[in-house]
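One-letter residues, chain by chain:
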Amino acid sequence: MNRLLRNLVWQRADSRCEYCRMPQEFTDAVHEIDHIIAEQHHGPTTPENLGLACYPCNNHKGPNIAGIDPSSGLVTRLFHPRVDLWAEHFYWNGRGE
Ligand SMILES: [Zn+2]
């Protein structure tokens, strides 16, 4: 991945994790470039398929593209930062839970 593409991802995300929105300056672990659709699922290394993720989010997500929704029990596609609106999927409750 070239520097231009890395810079685009960091700048577009404003140096925040695109899953939990944690700013880079809040953690010592350097945020990572995430293939939203993992390379093992043939996700390309293109701006549309790359996102910025903090270490805990990227480590938890791994190469997964879906999970089991705990409330419905159904297989559900994971949040996609280029397609989905963050505020429709997440919120801050202010208690760190
Ligand atoms: Zn995160």
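As a reminder, the structure under discussion sits directly above these lines.
A brief look at the structure comes next. (Residues numbered from 1 in each chain as written. Predicted model: local features only at pLDDT ≥ 70, side-chain atom pairs only at ≥ 80, totals over all residues. Heavy atoms only, no water.)

Helix and strand counts for the protein chain stand at two helices and four strands. Ordering the α and β elements of the protein chain from the N terminus gives α-β-β-α-β-β. In terms of overall dimensions, the protein chain is globule-like: its C-alpha atoms have a radius of gyration of 14 Å, near the 13 Å expected for 97 residues. Along the first, second and third principal axes, the C-alpha atoms of the protein chain reach 40 × 35 × 20 Å. (Helix = DSSP H or I, 4+ residues; strand = E, 2+ residues; numbered from the N terminus. Rg over C-alpha atoms; globule rule 2.2 N^0.38 Å.)

Let's shift gears to the nonpolar core. Judged by nonpolar contacts, Cys-17, Tyr-19, Ile-36, Ala-53, Cys-54, Cys-57, Phe-79 and Trp-86 together constitute the single largest core of eight residues. The residues contacting Ala-53, other than those within four sequence positions of it, are Cys-17, Tyr-19, His-31, Glu-32, Asp-34 and Asn-58. Core analysis: the second largest hydrophobic core is formed by six residues, Leu-5, Ala-13, Ile-33 and Leu-50 among them. (Core = buried A, V, L, I, M, F, W, Y, C linked by side-chain atoms within 4.5 Å. Buried < 20%, exposed > 50% of the residue type's maximum accessible area, 1.4 Å probe, protein only. Contact = heavy atoms within 4.5 Å.)

Before going further, it helps to examine the coordination of the zinc ion. For the zinc ion, every protein donor is listed as Cys-17 (SG), Cys-20 (SG), Cys-54 (SG) and Cys-57 (SG), and the spread of their distances is 2.3 Å. Given four donor atoms and angles of 102 to 114° at the metal, the environment of the zinc ion is assigned as tetrahedral. Every donor residue of the zinc ion comes from the same chain, spaced as C-x2-C-x33-C-x2-C. By relative accessible area, which is 19% here, Cys-57 ends up buried. (Donors = N, O, S within 2.8 Å, 3.2 Å for Na, K, Ca; no water. Tetrahedral: all angles 85-135°; square planar, octahedral: opposite > 155°, others 65-115°.)

Enumeration over the complete set of coordinates arrives at three aromatic pairs. Where Tyr-19 meets Phe-79, the ring centres are 6.1 Å apart and the plane angle is 75°; that geometry is what we call edge-to-face. Here Tyr-19, found in the loop between helix H1 (3–12) and strand E1 (32–35), pairs with Phe-79, found in the segment after strand E4 (75–77); they are 60 residues apart in sequence, far enough to count as distant. We note that Tyr-19, like Phe-79, is buried. (Phe/Tyr/Trp six-rings, centres within 6.5 Å; stacked < 30°, edge-to-face > 60°.)

Further remarks concern the pattern of salt bridges. When their charged atoms lie close together, side chains carrying opposite charge are able to pair. Tallying each qualifying case throughout the model produces three salt bridges. For Lys-61, the salt bridge goes to Asp-34, with nearest N and O atoms at 3.2 Å. Of this pair, Lys-61 sits in helix H2 (residues 55–61) while Asp-34 sits in strand E1; the two residues are 27 residues apart in sequence, bridging distant segments of the chain. Neither Lys-61 nor Asp-34 differs from the other in exposure class; each is buried. A salt bridge links Arg-77 to Asp-84; the nearest nitrogen and oxygen atoms lie 3.0 Å apart. Overall, the relative accessible area of 13% leaves Asp-84 in the buried class. (Salt bridge = Lys/Arg side-chain N within 4 Å of Asp/Glu carboxyl O.)

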